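Structure assessment
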Amino acid sequence: MGSFGAMLKHPDDIYPLLKLKMAARNLEKQIPPQPHWAFCYTMLHKVSRSFALVIQQLGPELRNAVCIFYLVLRALDTVEDDTAVETDVKLPILIAFHRHIYDPKWHFACGTKEYKVLMDEFHHVATAFLELGKGYQEAIEDITKRMGAGMAKFICKEVETVEDYDEYCHYVAGLVGLGLSKLFHAAELEDLATDEHSNSMGLFLQKTNIIRDYLEDINEIPKSRMFWPRQIWSKYVNKLEDLKYEENSDKAVQCLNDMVTNSLLHIEDCLKYMSDLRDPAIFKFCAIPQVMAIGTLALCYNNIEVFRGVVKMRRGLTAKIIDKTRTMADVYAAFYDFSSIIKSKVDKKDPNATKTLSRLESVQKTCRESGALTNSRKSYIIKSEQSFNSALIMVMIIILAIIYAYVSASPRF
Ligand code: D61
Ligand code: MG
């Protein structure tokens, strides 16, 4: 649907969308003057619009550390993901990456588009890294070392079991959670979270991406690696590709629902992690991606479109989440609502229906027992009637505006 059509259907998206546009425009103006920092913030915007926005609202010192942490790991991931680089070249780079960040003369060309620019101009990232406080540098070095070693391990290994799946996700995303917790602690803004809770924050985000990106990943040329664990998909098909063929639609959706059910396991840890945060900017930085993830899972659950095209939340809903996620009460409400949406989509005939429902019940129980749910809040479940009425009001306003413009422009008698 075109964005105008989407706005007519969801007129209450318009205000948060405008607010987000303005915020994004303001951030573009705030690029620092030194060339290496200017490069880092410009790059951050180019490679990740969503993380750039939440990173930018952190205080200046922590923001610089998180920006460099992001770019270092994105560069490492660019090496991991580049299928054109031979394994015997790739492995030593992944394993020694944590040393390259101390060397502004180090260079390795790979990746495409904006990732190629990041790799070609990586000296700016290294230069900025060297200006960070020691505590930040050590946290970034430690995580880069562990992530590089983990990626190297999985270059030569497929994700077979659910245990492998959790281990791979730990290396590429759980460790980001551990590193961020260390950075928050180094900034003296938060107590140090447990590794278990920090890890779950990353696993929930990474698994959501892996689920949503099935088609994009399977269709990639040259063939990219796949991260859906064989232990799950082999219950439904003989080959992972078979999920995308129309004759396997029922099996595909069941497998998808199994994957979503697996990811629900991390929610309780994530809620605990977020409820322990104190700094409002760090809270938003952590909570917004989590709410987007459960929103994405709600959209993907029982949805055959995951195997047909791109399934993405509408921009308006994303903008609304960014605008409305401020406190733990907002997070409990969002997880409660999106759990209700998933519950309403569970088909009694789904082989995992009971397991899925019981996990959702337990999430909702946690949200309820927090005591933060109220009746007065606005829900993410927008009733169609309500949105039809507001659409009607929008159309009326537009017609009135046209009449007004016409009347005020026409010559008076
Ligand atoms: C709080 C706030 C943000 C958090 C968090 C806790 C815990 C973990 C994460 C963010 C990381 C979540 C990663 C989810 C997206 N996955 C990827 O980008 C995959 O690459 C993984 C390796 C590089 C990770 C780089 C990264 C990402 C987000 C960050 C960050 C570093 C540093 C600070 C803040 C956020 C994925 O990328 C391609 C794709 O998703 O299409 C892949 O190659 O598998
Ligand atoms: Mg990768």
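Summary of the structure given here. (Residues numbered from 1 in each chain as written. Chains lettered and ligands numbered in written order. Predicted model: local features only at pLDDT ≥ 70, side-chain atom pairs only at ≥ 80, totals over all residues. Heavy atoms only, no water.)

Some thoughts on the coordination of the magnesium ion (ligand 2)
Within the protein, the atoms that donate to the magnesium ion (ligand 2) are Asp 77 (OD), Glu 80 (OE) and Asp 81 (OD), at distances of 2.0 to 2.3 Å. The sequence pattern describing where the donors of the magnesium ion (ligand 2) fall on their chain is D-x2-E-D. Placement of the pair is Asp 77 and Glu 80 together in helix 5 (residues 60-81), with a separation of three residues, close to one helical turn. Residue Glu 80 is classed as buried on the basis of its relative accessible area, which comes to 2%. (Donors = N, O, S within 2.8 Å, 3.2 Å for Na, K, Ca; no water. Helix = DSSP H or I, 4+ residues; strand = E, 2+ residues; numbered from the N terminus. Buried < 20%, exposed > 50% of the residue type's maximum accessible area, 1.4 Å probe, protein only.)

So, the pattern of salt bridges
Under the definition given, this model contains 21 salt bridges. The salt bridge partner of Asp 213 is Arg 212, with a shortest N-O separation of 3.0 Å. By relative accessible area, which is 15% here, Asp 213 ends up buried. Linked through salt bridges whose partners overlap, the residues forming this network are Asp 12, Asp 13, Arg 314 and Lys 320. (Salt bridge = Lys/Arg side-chain N within 4 Å of Asp/Glu carboxyl O.)

Let's talk about the site of ligand 1
The full set close to ligand 1 counts 20 residues, and Arg 74, Asp 77, Asp 81, Gln 206 and Asn 209 are the nearest of them. Between an oxygen atom of ligand 1 and a side-chain N or O atom of Asp 81, the distance comes to 3.2 Å. One of the side-chain N or O atoms of Gln 206 is found 2.8 Å from a nitrogen atom in ligand 1. Protein burial of ligand 1: of its 810 Å² of free accessible surface, 89% is covered by the chains. Looking at the shell around ligand 1, the elements that each hand over two or more residues are helix 5, helix 10 (162-186), helix 11 (195-212) and helix 16 (280-300). The dominant element in the shell around ligand 1, judged by the number of residues it contributes, is helix 5, at seven residues. Across the shell around ligand 1, the residue classes break down as 12 nonpolar, four polar and four charged. (Near = heavy atom within 4 Å. Polar contact = N/O pair within 3.5 Å; in protein donor to acceptor, adjacent residues only side chain to side chain. Areas by Shrake-Rupley, 256 points an atom, 1.4 Å probe, with all protein chains shown as cover. Nonpolar A, V, L, I, M, F, W, Y, C, P; charged D, E, K, R; others polar.)

A word on the packing of helix 16 against helix 17 (residues 315-324)
With their axes 9 Å apart at the nearest point, helix 16 and helix 17 run at an angle of 145° to one another. Read as a crossing pair, helix 16 and helix 17 show a hand that is right-handed. Counting all contacts with helix 16, which are made through Lys 284, Ile 288, Val 291 and Met 292, the residues of helix 17 involved are Thr 318, Ile 321 and Ile 322. For the contact of helix 16 with helix 17, the per-class residue count stands at five nonpolar, one polar and one charged. (Axes fitted to C-alpha atoms, helices over the stretch in contact; angles between N-to-C directions. Left-handed = near helix turned anticlockwise from the far one by under 90°. Contact = heavy atoms within 4.5 Å.)

Here we look at helix 10
Relative to the 36 Å expected for 25 residues at 1.5 Å per residue, helix 10 spans 33 Å between its end C-alpha atoms, a close match to the ideal helical length. His 170 marks where helix 10 bends most, by close to 55°. Just downstream of helix 10, Glu 188 is the residue with a positive phi angle, here 60°. (Expected span 1.5 Å × (residues − 1). Bend = angle between axes of the 7 residues up to and from the residue.)

Some words on the side chain of His 266
Here His 266 is to be found in the loop between helix 14 (249-264) and helix 15 (267-275). With a relative accessible area of 9%, His 266 lands in the buried category. Within the structure, the side chain of His 266 is placed 2.9 Å from the side chain of Lys 207, a separation counted as a polar contact. Setting aside residues up to four positions removed in sequence, His 266 forms contacts with Ser 200, Leu 203, Phe 204 and Lys 207.

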